[in-house]
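Observations on the model geometry
One-letter residues, chain by chain:
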Protein chains: 2
Amino acid sequence: MRNSDSISENQSYIKTESKKLKNEGSQLIILQELHDTKYFCQSENVAHFDLAIPIPSDNTNFYSKLAKETQTVIVTSLFEKRAPGIYHNTAVVFDSDGSIAGKYRKMHIPDDPGYYEKFYFTPGDLGFNPIQTSLGKLGVLICWDQWYPEAARIMTLKGAELLIYPTAIGFDNDDTQAEKNRQIEAWKTIQKSHAITNGIPVITVNRSGFEKNTESDSLGISFWGNSFVAGPQGEILFEADINPISKVIDIDLNSSEQVRRWWPFLRDRRIEDYDEILERYID
Amino acid sequence: MRNSDSISENQSYIKTESKKLKNEGSQLIILQELHDTKYFCQSENVAHFDLAIPIPSDNTNFYSKLAKETQTVIVTSLFEKRAPGIYHNTAVVFDSDGSIAGKYRKMHIPDDPGYYEKFYFTPGDLGFNPIQTSLGKLGVLICWDQWYPEAARIMTLKGAELLIYPTAIGFDNDDTQAEKNRQIEAWKTIQKSHAITNGIPVITVNRSGFEKNTESDSLGISFWGNSFVAGPQGEILFEADINPISKVIDIDLNSSEQVRRWWPFLRDRRIEDYDEILERYID
């Protein structure tokens, strides 16, 4: 989706689209990262902490009601106020009866020009745990987590049946077209690779549209959309373009079993030789 | 390359091509998996253990001499006879002075119809260690290892400057064209993903040509070639087709530093939360 400055406008858009999707047969609705607001991390501004909300709160009640009303499981991405000075980038999953099925706090926090997330988000402390819902176990991760095979692997080993990435990534308009192509290709490749190595479908939902940076010298970010769904061999089942879209995609959860029989990567892992993964660097 | 049944014919081809590559400016030569013989793992036959060679031996002396003569570093892939009943699938790296710089024993061993490697190869016991050469630290892995992000990650954390995969993978002629496409795309995607997540170039050299299976019911394997080189953003620098080819490709080892400054994935790893990677499965 493309966001406005108004939380109620964004939520009203989500409500309308969710009802449309439900009518088209959706059982699971995935929203993009931080869908209630513009992407406020383009600069470091203490006032933006006012956007954070407790969980549960009136805000989560909105999604709880929407999930119950549409009888769908909804994966949201919210700015969580946990305590004064402790804020998280948190995915809250609502089950189709309106209850909170679970939450995931973003574990890998980026920080680079235009994405000052280390200022806003305390690194998650809930680990990598799939969330049990009435539709199955969802391996919900968030944005920057998508670059880490470790996160996808642990979710898989814990029984996740789908990997899900709400995300907000875009182009710096100063980059060359060649660099933009490399970035978007790399972003698709790394996420498809999690599908392949784990034999599991991947759903990635990205923000769309240009958001001006009003608080610093840089122009802003052109969020590149391109949300996609890949099957357990990394094959593309659906791919959006740069524009906003709400669409129902069929995913066959039984295909993982078939693919893992032929590509038994999980069988041959050398777990007794992976200890060094736990090191920062080996000098 | 495409292989014949004759070891001396295969070695003679390698010698001719290596000299040609040297004349074209090559400093590093990568050969495909088990380049001295046909891919003998299509069936389980104890007679094939006769193909294994000790390291060092007359056979490795051939490559030692070739490396010295061409003053190039050569990455070979040999069937190692270590002791009666202990055989490995081993990459031996020769430095440009003809010395053995180091070896890597294939850690992840596949076993599926047509690739009965668990019968022939004892799993490697040297761990994941880059090999220091006069050209830098080479992260040499072999074929099935390419599906494991863990292997690529450990090589990177230990200072590898390149990831190198000699490989032998092909199509089962019974597969549909759609399945073949999914396989070759998945194979490229997973290896490009190691480049991306680790900010490191990847070189993959695959066998080419059809090899008939003379010892069982299945037809044989059409090795799909498609050797490629990717830069540290996963961008393709060179891609072969299904035919044999020997070609010099430029790789800029300094690009990793630049890419890792902008994509600092190694900085943000949550190493204190990765312990579960060491488990087989978490029930």
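Per-chain numbering applies: the sequence of each chain, read as written, is numbered from 1 onward. To read the labels, note that chains go from A and ligands from 1, taken in the order they are written. Note on the predicted model: pLDDT of at least 70 is required for a residue's local features to be given, and 80 or more for side-chain atom pairs to be given and counted; whole-chain, interface and lining totals, by contrast, use all residues. No hydrogens and no water enter the side-chain calculation; it runs on all heavy atoms of the structure.

The next thing to look at is the pattern of salt bridges. A pair is scored as a salt bridge if a Lys or Arg side-chain nitrogen falls within 4 Å of a carboxyl oxygen belonging to Asp or Glu. Here the structure, examined in full by the defined rule, presents 40 salt bridges over all chains. Among the ionic pairs, Asp125(A) bridges to Arg105(A), the shortest N-O distance being 3.0 Å. In this pair, Asp125(A) is assigned in the loop between helix H3 (117–120) and strand S5 (131–133) and Arg105(A) in strand S4 (residues 100–105), connecting sequence segments 20 residues apart. Three exposure classes are used, based on accessible area relative to the maximum for each residue type with a 1.4 Å probe and protein chains only: buried under 20%, partly exposed in between, and exposed over 50%. The class of Arg105(A) is buried, set by a relative accessible area of 5%. Close ionic contact of Asp5(B) with Lys38(B) constitutes a salt bridge, the shortest N to O distance being 3.8 Å. Remark: Lys38(B) occurs in the loop between strand S1 (28–30) and helix H2 (58–70) and Asp5(B) occurs in the segment before helix H1 (7–23); sequence separation between them is 33 residues. Look at the salt bridges and you will find they share partners, linking Glu80(A), Arg82(A), Lys103(A), Arg105(A) and Asp125(A) into a network. Labels follow the DSSP assignment, with helices taken as runs of H or I lasting at least four residues and strands as runs of E lasting at least two, numbered in each case from the N terminus.

Moving on, we get to the sheet that holds strand S8 (residues 170–172) of chain A. Residue and element names in this part refer to chain A. Criterion used throughout: strands pair if DSSP finds at least two bridges between them. Here we have three strands laid out as an open sheet, ordered S8-S11-S10, and antiparallel in their pairing. Since the sheet does not close on itself, it has two edges, and those belong to S8 and strand S10 (208–212), each with one partner. Put simply, the sheet's adjacent strands are angled 20° from each other on average, direction ignored. As paired strands, S8 and strand S11 (residues 220–224) are joined by three bridges and run antiparallel to one another. Following the sheet pairing, Gly 170 is matched in S11 by Phe 223. Throughout, a contact is declared for two residues whenever any of their heavy atoms are within 4.5 Å. In this analysis an axis means a line fitted to C-alpha atoms, helices contributing only their contacting stretch, and an angle means the value between N-to-C directions, from 0 to 180 degrees. Where helix H5 (residues 177–198) meets the sheet, its contacts fall on S8 and S11, and the angle it forms with S8 comes to roughly 155°.

Our next topic: the interface of chain B and chain A. Contact residues are listed per partner, giving 53 residues for chain B and 53 residues for chain A. By buried area we mean the combined loss of accessible area, with a 1.4 Å probe, across both parts when two parts are placed together. Carbon and sulfur atoms make up 61% of the surface buried where chain B meets chain A, a total of about 5400 Å² over both sides. At the junction of chain B with chain A, the criterion picks out eight salt bridges. Between Arg269(A) and Glu150(B) there is a salt bridge, with the nearest N and O atoms lying 2.9 Å from each other. By the criterion applied in these results, polar contacts are pairs of N or O atoms within 3.5 Å in which, for protein atoms, one can donate a hydrogen and the other can accept it, and in which residues neighboring in sequence qualify only through two side-chain atoms. Here chain B is connected to chain A by 35 residue pairs in polar contact (both at pLDDT 80 or more). Those elements that place two or more of their residues in the side of chain B that touches chain A are helix H4 (149–157) and helix H5 (177–198) of chain B. With 10 residues, the single largest contributor to the side of chain B that touches chain A is H5(B). In terms of residue class, the side of chain B that touches chain A is made up of 26 nonpolar, nine polar and 18 charged. Each residue gets one label: Ala, Val, Leu, Ile, Met, Phe, Trp, Tyr, Cys and Pro are nonpolar, Asp, Glu, Lys and Arg are charged, and the others, such as Gly, are polar.

Moving on, we get to the relation of the copies chain B and chain A. Overlaid copies result from least-squares superposition on C-alpha atoms, with residues included only where pLDDT is at least 70 in both. Here chain B sits on chain A after a turn of 180° about the axis and a move of 0.0 Å along it, with an RMSD of 0.0 Å. The transformation relating the two chain copies, once decomposed into turn and shift, fits a two-fold axis. A share of 100% of interface residues in chain B that are also interface residues in chain A marks the association as one of identical surfaces.

Time to look at the pairing of strand S2 (residues 73–83) of chain B. All names here are of chain B. Extensive coverage of S2 is indicated by the burial of eight of its 11 residues. Strand direction decides the pairing type here: S1 and S2, joined by three bridges, are parallel. The residue bridging Ile 30 from the neighbouring strand is Val 75, located in S2.

Residue and element names in this part refer to chain B. Here we have three strands laid out as an open sheet, ordered S8-S11-S10, and antiparallel in their pairing. With one partner strand each, in any of the chains shown, strand S8 (170–172) and strand S10 (208–212) form the two edges of the open sheet. The average angle at which neighbouring strand axes cross in this sheet is 20°, direction not considered.

Right, let's talk about the packing of helix H1 (residues 7–23) of chain A against helix H2 (residues 58–70) of chain A for a bit. All names here are of chain A. Axis separation between H1 and H2 bottoms out at 10 Å; the angle between their running directions is 15°. In terms of orientation, H1 and H2 fall into the roughly parallel class. Relative to H2, the crossing made by H1 is right-handed. Where H1 abuts H2, its residues Gln 11, Ile 14, Lys 15, Ser 18, Lys 19 and Lys 22 lie against Asn 59, Phe 62, Tyr 63, Leu 66, Glu 69 and Thr 70. Under this scheme an angle from 65 to 115 degrees is roughly perpendicular, one under 35 degrees roughly parallel, and one over 145 degrees roughly antiparallel; angles in between are oblique. Crossing handedness is defined as follows: a turn of the near helix away from the far one that is anticlockwise and smaller than a right angle gives a left-handed crossing, while the clockwise case is right-handed.

All names here are of chain B. Of all five residues making up strand S6 (residues 136–140), four are buried, and the element is well covered by its neighbours. With three bridges joining them, strand S5 (residues 131–133) and S6 adopt antiparallel strand pairing. Within the sheet, the bridge partner assigned to Gln 132 lies in S6 and is Lys 137. In textbook terms, the turn of a hairpin is the stretch between consecutive antiparallel strands, and for S5 and S6 this stretch comprises two residues. Of the pairings in the sheet, the one linking S6 to strand S7 (residues 162–167) comprises three bridges and is parallel in character. Of the residues in S7, the one forming a bridge with Val 140 is Ile 164. Crossover S6 to S7 through H4 is right-handed. Seen with its strands pointing away from the viewer, a crossover is right-handed if its path from the first strand over the helix to the second goes clockwise.

All names here are of chain A. Working rule for helices: expected span equals 1.5 Å times residues minus one. If you check H1, its first and last C-alpha atoms are 24 Å apart, about what 17 residues at 1.5 Å a residue would give, namely 24 Å. Among all positions of H1, only Asn 10, Gln 11, Ile 14, Glu 17, Ser 18 and Leu 21 are buried. Around the axis of H1, the buried residues are gathered within 130° of arc, so they sit on the same side. Facing away from the buried side of H1, by more than 90 degrees, are the exposed residues Ser 8, Glu 9 and Asn 23. Our arc is simply the arc of the directions from the helix axis toward the C-beta atoms.

Residue and element names in this part refer to chain B. Throughout, a disulfide means two cysteine sulfur atoms within 2.5 Å of one another. Applying the stated criterion across every chain, the model contains zero disulfides over all chains. Among the cysteines around Cys 143, which has no disulfide bond, Cys 41 carries the closest sulfur, lying 9.7 Å off. Given the relative accessible area of 6%, Cys 143 is considered buried.

So, on to the packing of aromatic side chains. Pairing of aromatic side chains requires ring centres within 6.5 Å, counting the rings of Phe and Tyr and the six-membered ring of Trp. Pairs whose planes differ by under 30 degrees are stacked, by over 60 edge-to-face, and all others tilted. In total, this model carries 48 aromatic pairs over all chains according to the counting rule given. On the basis of an interplanar angle of 35° and a centroid distance of 4.4 Å, the ring pair of Phe49(B) and Tyr87(B) is categorised as tilted. In this pair, Phe49(B) is assigned in the loop between S1 and H2 and Tyr87(B) in strand S3 (residues 86–94), connecting sequence segments 38 residues apart. For the pair Phe49(B) and Tyr87(B), a shared accessibility class is recorded, and that class is buried. Among the aromatic residues, those joined into a cluster by ring pairs are Phe40(A), Phe49(A), Phe79(A), Tyr87(A), Phe119(A), Tyr120(A) and Phe121(A). Only Lys NZ and Arg CZ are tested; either one counts as a charge over a ring when it is within 6 Å of the ring centre and within 35 degrees of the ring normal. The positively charged end of Lys180(A) is found above the aromatic ring belonging to Phe171(A), 5.6 Å away from the centroid.

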